[in-house]
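So you can see what is in the structure, the chains are spelled out below.
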Amino acid sequence: GRFKLHLGRKWLSGWVYFDSIGLPQQYTGDLGVSQIAYEWSLRKGIFRYDLKHGWQFGQSGPLRLPQWMAHDVFSVEKKFKNGLCLSTGLELRMQSRYRGLGYRPEVGQFVVQDSLHAGGYPLVDGFIALKVNQARIYLRMDNLSRGWTAPGGFQIPLYPLYDRALRFGISWDFYR
């Protein structure tokens, strides 16, 4: 397996943001955010696990960030002797519930808001991919978790998550 650890600290001074009615403001204090995250990949036979988890501490004022987030991919990958490779699995994304920035289309900006939450529910996508030499074909079902969690859910406040959708694609590399 492979493991990576990321540690970081960011300071913002004189940060400019947009208040709830879309007017620019400058934060007079310093905003500090500490971050810790790890990435872990593991292959066991045909099974593959890719985990990315992170935590953030210290945000305050108009800076709105989730406290934690996760992006996990669990897949099965089988390679055949004739060059065929089949991969199928699930992708999970989740973040803590937080008061995210709202979008104001009339001013074209993300603004600070205190009335609605974003996050706090899982987003699950399923996929299957087939690769034959230079050709790749995939089928993906986005937002499999739609309807399992509480109805609705917002990507950002007042903008609901996308519905369940089936996507497919074909790509062919002509040059190798």
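Keep in mind the model is a prediction, meaning the values are calculated, not measured. (Residues numbered from 1 in each chain as written. Predicted model: local features only at pLDDT ≥ 70, side-chain atom pairs only at ≥ 80, totals over all residues. Heavy atoms only, no water.)

Trainee: Mind showing me how you'd approach the overall build of the protein chain here?
Mentor: Scanning the protein chain from terminus to terminus reveals zero helices and 14 strands. Reading the protein chain from its N terminus to its C terminus gives the helix and strand order β-β-β-β-β-β-β-β-β-β-β-β-β-β. What you see for the protein chain is a C-alpha radius of gyration of 20 Å, clearly larger than the 16 Å of a compact globule of 176 residues, by over 25%. For the protein chain, the spread of C-alpha atoms along the principal axes amounts to about 65 × 35 × 35 Å. Expressed as a percentage of the 176 residues in the protein chain, the buried residues total 28%. Considering only residue pairs separated by 6 or more positions, the protein chain has 51% of its internal contacts joining residues 24 or more positions apart. Roughly 11,600 Å² of accessible area belongs to the protein chain as shown, and the carbon and sulfur atoms make up 61% of that amount. (Helix = DSSP H or I, 4+ residues; strand = E, 2+ residues; numbered from the N terminus. Rg over C-alpha atoms; globule rule 2.2 N^0.38 Å. Buried < 20%, exposed > 50% of the residue type's maximum accessible area, 1.4 Å probe, protein only. Contact = heavy atoms within 4.5 Å. Areas by Shrake-Rupley, 256 points an atom, 1.4 Å probe, with all protein chains shown as cover.)

Trainee: What should I look at first to understand a nonpolar patch on the surface in this one?
Mentor: Residues Phe 80, Leu 86, Ile 128, Leu 130, Val 132, Ile 137, Leu 139, Leu 166, Phe 168 and Ile 170 make up a contiguous nonpolar surface patch of about 910 Å² in total accessible area. Within the residue set of the nonpolar patch, elements represented by two or more residues are β10 (123-132), β11 (135-142) and β14 (165-172). Looking at the secondary structure, you find Ile 137 in strand β11. (Patch = residues over 30% accessible without salt bridge, like charges linked within 9 Å, V, L, I, M, F, W, Y side chains within 5 Å. Salt bridge = Lys/Arg side-chain N within 4 Å of Asp/Glu carboxyl O.)

Trainee: How do you make sense of the layout of surface pockets when you look at a structure like this?
Mentor: Left-over empty space is what a probe sized like a water molecule reveals as it rolls over the atoms. Here the largest pocket is characterised by a volume of approximately 210 Å³. Along the wall of the largest pocket there are 13 residues; nearest its centre are Arg 93, Met 94, Gln 95, Gly 119 and Leu 123. Across the lining of the largest pocket, the residue classes break down as eight nonpolar, four polar and one charged. (1 Å grid on protein atoms, 1.4 Å probe; cavity = no way out; pocket = protein on both sides within 12 Å on 5 of 7 lines; lining within 4 Å. Points joined across faces, edges and corners; volume = space filled by probe spheres on them. Nonpolar A, V, L, I, M, F, W, Y, C, P; charged D, E, K, R; others polar.)

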